[in-house]
Amino acid sequence: MITIDRTDLAFQLHDLLDTARLAAHSRFADYDRAAIDGVLDTAERIAINHFLPHAALLDENEPAFVDGKVVMDDAVGEALRHFREAGFFGAAFDREWGGMQMPETVRQAASFIFMMANIGTSGYPFLTAGAANLLASFGTVEQKERFLRPMVEGRFYGTMCLSEPQAGSSLGDIVTSASPADDGSYRISGRKMWISGGDQEISDNIVHMVLARIEGAPPGVKGISLFIVPKYRLDPDGMASERNGVVLAGLNHKMGYRGTTNTLLHFGEDEPAIGYLLGEPHRGLAYMFQMMNEARIGVGLGAVALAAAGYRASLAYARERPQGRHPDGKDPSGPPVAIIEHADIKRLLLAQKAAVEGALALVLYSADLVDRIREAEDEQARREDELLLDLLTPLVKSWPSEYCLEANKHAIQVLGGYGYTRDYPVERLYRDNRLNPIHEGTHGIQGMDLLGRKITQAGGAGVRTLAERVMADIKMAHTLDGLAGFAETLATHLSETVATTGRLAHAVGKNPRLGLANATIYLDMLGHVVIAWMWLRQAVAAVGKRANGDGDPDFLDGKLAACRYFFAHELPATRVKRDLLDSLDDTTLSMKPDWF
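In what follows, the accompanying structure is described. (Residues numbered from 1 in each chain as written. Predicted model: local features only at pLDDT ≥ 70, side-chain atom pairs only at ≥ 80, totals over all residues. Heavy atoms only, no water.)

1. Here we look at unusual backbone geometry
(1) Moving on: Although it is not a glycine, Y257 adopts a positive phi angle of roughly 50 degrees.
(2) Moving on: Summarising the element assignment, Y257 is placed in the loop between strand 10 (246-251) and strand 11 (262-267).
(3) Moving on: One non-glycine residue, H282, adopts positive backbone phi at about 65 degrees.
(4) Moving on: With respect to the helices and strands, the residue H282 is situated in the loop between strand 12 (273-277) and helix 8 (284-320). (Helix = DSSP H or I, 4+ residues; strand = E, 2+ residues; numbered from the N terminus.)

2. Let's talk about the packing of helix 12 (residues 443-452) against helix 16 (residues 519-547)
(1) Moving on: Put simply, helix 12 and helix 16 touch, their axes get as near as 8 Å, and they point 80 degrees apart. The angle between the axes of helix 12 and helix 16 places the two elements in the roughly perpendicular class. For the pair helix 12 and helix 16, contact is made by H443, G444, Q446, G447, M448, L450 and L451 and by A519, T520, Y522, L523, D524 and L526, respectively.
(2) Moving on: Taken together, the residues of the contact of helix 12 with helix 16 sort by class into seven nonpolar, five polar and one charged. (Axes fitted to C-alpha atoms, helices over the stretch in contact; angles between N-to-C directions. Parallel < 35°, antiparallel > 145°, perpendicular 65-115°, else oblique. Contact = heavy atoms within 4.5 Å. Nonpolar A, V, L, I, M, F, W, Y, C, P; charged D, E, K, R; others polar.)

3. Thoughts on the pattern of salt bridges
(1) Moving on: Summed over all chains, the structure comprises 43 salt bridges.
(2) Moving on: Of the charged contacts in the structure, one is a salt bridge between R258 and D59, with a shortest N-O distance of 3.9 Å. Taken as a pair, R258 in the loop between strand 10 and strand 11 and D59 in helix 3 (residues 55-60) lie far apart in primary sequence, 199 residues in all.
(3) Moving on: Among the salt bridges present, the one from E357 reaches K559, with a minimum N-O distance of 2.8 Å. Separated by 202 residues along the polypeptide, E357 in helix 9 (residues 343-375) and K559 in helix 17 (residues 553-570) bring together distant segments of the chain.
(4) Moving on: Owing to a relative accessible area of 0%, K559 belongs among the buried residues under this scheme.
(5) Moving on: Linked by salt bridges that have partners in common, D8, K353, E357 and K559 make up one network. (Salt bridge = Lys/Arg side-chain N within 4 Å of Asp/Glu carboxyl O. Buried < 20%, exposed > 50% of the residue type's maximum accessible area, 1.4 Å probe, protein only.)

Structural data, given as structure tokens:
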């Protein structure tokens, strides 16, 4: 059984981030601590009662392609009805469009609960929110009224249609075209592949955000525009009417995330596919990157949620499963101990706890940056937060996707042979999480983005801001009992990391192929240093609570033990990675295809 750890979520939101402080801003005035806890209470109730019960069933009986339509379990639509009635589709949007103006930090915390319970069903509102954000940012008033409002209300769902069968992640090679019509609309023609949520029969309509080239557009990424292409055309009252020329050509069947349809869509083959330009021509990729960056944070959150579900399940099993005796136990007739008593099981559980709670701290810290940016009155502070968020986004997506997947592996190991059976959820959770290193830009693409663009952005200002904020927490930790050693260790790693970053930035400028050859190693290395920072922040908060006699002592001691584990077992590996990066090793670059 999957359980949700509200104690840790409360610690992260209230003790680590002081999220209730946001109520001082007019936009978030309704979200004091009681209101935030009420939002999470509602999310937990719906998740446990309506999302969790069909998670395994949906995995075993995935959506099917029947007579040109998607057929899926009715429980998905029922769960999303409760989600919609509680207002979660429009949680973060302006009240002007029917939203709740919820802080991003709180919205992500609620999403974490839903994703823990059922990642497949959670996919539909996740995709809808991303598409709706594009409309909110770049749409005309008419487009917002016709498409954004019903999406905020949860009547229309949304998708993003980027990839094509022949292009994959190389968006400069897409060929989907857009021909202008006399009425100002466009006729869209082409095929899109790997479209999550691309078809279903749950919502009244589906609003596809489609990348395409207007006739005569420049080649490459500079000639891409973004279009609103609904599954159903709208009548004068804004209601779905006849079918647009968007055809479901088939479903892709994946090893995980089976509850979220993944589709091949054809546009304009039998009937015209009417689309509407969003924003300015040839700015589509820049607009879509907003959605992709938001989606990357969401992917990281999903990876954490799946690992958290696995951790809670394996922890419960370890407490209840008696097996074996301690190495110094001499009496074979004595009762076996629960496996949680064994040191190696504790190692596997600590590894999960360190990954899950460290990564959750990073995701929520990034969501808090979104809230700070939105309400900042000081332009310099806003710019620093924007650059830091840009720098952290590849890490937020990729570190959880890689290392929380490893946590799911550990969960299976704790259960042993039972971990591979469908009697327990951990094998399903592992399969679901395996998608996330690929989802919304592969691990390698995130490394290229981080090292090739983000660290040099604004003359390296993001890296400087990161170093300053880490050092501020290091100085705080130095003043607290038991944390000086962690502070000194992180200060050393930070100094070495900044030096390596400078060398690599110089190398990328001189020889991009060589400088970027080990970008993924850099991504992993910097991610570990940032997660160590997140653990130091949690340790500072835990020591403070303990000094005040506040909170459950076992919970706080567990935080400090997990921090110790990460610094002792995980962080030292970054030095080996830095040595490799500093050497500008060209093994992967010089390897010739024929040598394989």
